[in-house]
Amino acid sequence: MAGGAMNKALISLALPLAALLAACNMGAGGNASSSMESAPGDLHGARIGAPFTLTDQTGRKVRWDDFRGKYRLVYFGYTFCPDVCPLDLQRIMQGFAKFERDRPALAAKVEPIFISVDPDRDTPAVLKSYVAAFHPRLIGLTGTPDEIAKVAKDFVVLYNREKAQGASGYLVSHSRTPYLFGTDGAPVALVPVDDPGTPGEDEGEPQKVTAFLEKWVK
């Protein structure tokens, strides 16, 4: 899965599949990176997000409105992703952990959330061990295929199951769009992640995630 940030206008219009999809483990020469960038805060006013009810890693039903009053740091991915998903999550949560140490009162206002796009394999039990590896406060959410399809549509996330070459399993191509939502549930900005299209720059290093949170969490 690889992909650059997308600007607000294109997000609100729902980018074509080719621009949004970015497969995990694309292989050599298989990057689906986009060169489009979104300045932090440019998601203001974009039509991203909607009420939902999903299941967390403990089997409990969770609603989007349960997080009202908190900033929401949302990453879409899946636990069987062989490369970029866990790397992105690790770095985002490292940046969040530093923010938590430096600004504990502000960090308490942020809820990190991982939403699976692979509901057939990502059961609550699978999610429980997965999210625990990144941060004790990271919530993992899954649901039925129909529930996940609706959430993905509402959050402008595209995904597609793909057969892994030479393997019995499958990969899930999906848009790489980690979001920060405000306390009212409105989108604020895209969380920094590395863009493979710019090998000379590391846009997703943890300190940049920390700086991003320091800028937007009040």
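Above: the structure in question.
Everything quoted here is computed from the prediction, not taken from an experiment.

Scoring rules and cut-offs
Residues numbered from 1 in each chain as written. Predicted model: local features only at pLDDT ≥ 70, side-chain atom pairs only at ≥ 80, totals over all residues. Heavy atoms only, no water. Helix = DSSP H or I, 4+ residues; strand = E, 2+ residues; numbered from the N terminus. Buried < 20%, exposed > 50% of the residue type's maximum accessible area, 1.4 Å probe, protein only. Contact = heavy atoms within 4.5 Å. Areas by Shrake-Rupley, 256 points an atom, 1.4 Å probe, with all protein chains shown as cover. Pairing = 2+ DSSP bridges. Axes fitted to C-alpha atoms, helices over the stretch in contact; angles between N-to-C directions. Core = buried A, V, L, I, M, F, W, Y, C linked by side-chain atoms within 4.5 Å. Parallel < 35°, antiparallel > 145°, perpendicular 65-115°, else oblique. Left-handed = near helix turned anticlockwise from the far one by under 90°. Nonpolar A, V, L, I, M, F, W, Y, C, P; charged D, E, K, R; others polar. Phe/Tyr/Trp six-rings, centres within 6.5 Å; stacked < 30°, edge-to-face > 60°. Lys NZ or Arg CZ within 6 Å of the ring centre and 35° of its normal. Right-handed = clockwise from strand over helix to strand, strands pointing away.

Draft legend 1. How the structure looks around the overall build of the protein. For the protein, the helix and strand inventory stands at 7 helices and 10 strands. Counting across all 218 residues of the protein, residues that qualify as buried make up 51%. Long-range contacts, defined here as pairs at least 24 residues apart, represent 71% of the contacts in the protein between residues at least 6 apart. Surface exposure of the protein reaches about 9800 Å², of which carbon and sulfur atoms provide 55%.

Draft legend 2. Molecular detail of the sheet that holds strand S10 (residues 187-190). Here 7 strands make up an open sheet; going across it, the order is S3-S2-S6-S5-S4-S9-S10 and the pairing mixed. The sheet is open, and its two edges are formed by strand S3 (61-63) and S10, each paired on a single side. This sheet shows a mean twist of 35° between the axes of neighbouring strands, independent of strand direction. Pairing of strand S4 (residues 71-77) with strand S9 (residues 179-181) involves 3 bridges; the strand directions are antiparallel. Residue pairing for S9: Arg 72 is matched across the bridge by Phe 181. Against the sheet, helix H3 (residues 84-102) contacts S4 and strand S5 (110-116), and its axis sits at roughly 165° relative to S4. Against the sheet, helix H7 (residues 206-216) contacts S4, S9 and S10, and its axis sits at roughly 155° relative to S10.

Draft legend 3. Structural view of the nonpolar core. Of all hydrophobic cores here, the largest spans 56 residues; its most connected members are Ile 115, Phe 155 and Tyr 179. If near-sequence neighbours (up to four positions away) are discounted, Phe 155 is found in contact with Ile 48, Gly 49, Ala 50, Phe 52, Trp 64, Phe 76, Tyr 179 and Phe 181.

Draft legend 4. Molecular detail of the packing of H3 against H7. Closest axis-to-axis distance for the H3/H7 pair is 7 Å, and the angle between their directions is 55°. When the axis of H3 is compared with that of H7, the two are oblique. For the pair H3 and H7, the sense of crossing is right-handed. Two secondary-structure elements touch here, H3 through Arg 91, Ile 92, Gln 94, Gly 95, Phe 96, Lys 98, Phe 99 and Asp 102 and H7 through Pro 206, Val 209, Thr 210, Leu 213 and Glu 214. Classifying every residue of the contact of H3 with H7 gives 6 nonpolar, 3 polar and 4 charged.

Draft legend 5. Quick look at the packing of aromatic side chains. Here the structure, examined in full by the defined rule, presents 11 aromatic pairs. When the centroid spacing of 5.1 Å and the interplanar angle of 80° are considered together, the rings of Trp 64 and Phe 181 count as edge-to-face. Separated by 117 residues along the polypeptide, Trp 64 in the loop between S3 and S4 and Phe 181 in strand S9 bring together distant segments of the chain. Taken as a pair, Trp 64 and Phe 181 share a single burial class, namely buried. Between Tyr 179 and Phe 181, the ring centres sit 5.6 Å apart and the planes meet at 70°, which makes this aromatic pair edge-to-face. Both residues of the pair, Tyr 179 and Phe 181, count as buried. Among the aromatic residues, those joined into a ring-pair cluster are Phe 52, Trp 64, Phe 67, Phe 76, Phe 155, Tyr 179 and Phe 181. Cation over ring: Arg 121 sits above Tyr 170, and NZ or CZ is 3.6 Å from the ring centre.

Draft legend 6. A look at the environment of Leu 73. Within the fold, Leu 73 resides in strand S4. In this structure Leu 73 comes out as buried when scored by relative accessible area, which is 5%. Expressed as a C-alpha distance, the spacing of Leu 73 and Leu 213, which sit 140 residues apart in the sequence, is 9.6 Å.

Draft legend 7. Spatial organisation of the pairing of strand S6 (residues 139-142). Of the two faces of S6, the one holding Ile 139 and Leu 141 and the one holding Gly 140 and Thr 142 are both buried throughout. With 2 bridges joining them, strand S2 (residues 53-56) and S6 adopt antiparallel strand pairing. For Thr 55, the partnering residue across the bridge sits in S6 and is Thr 142. For the segment spanning S5, helix H5 (residues 124-132) and S6, crossover handedness is right-handed.

The values are spatial; any link to function lies outside them.
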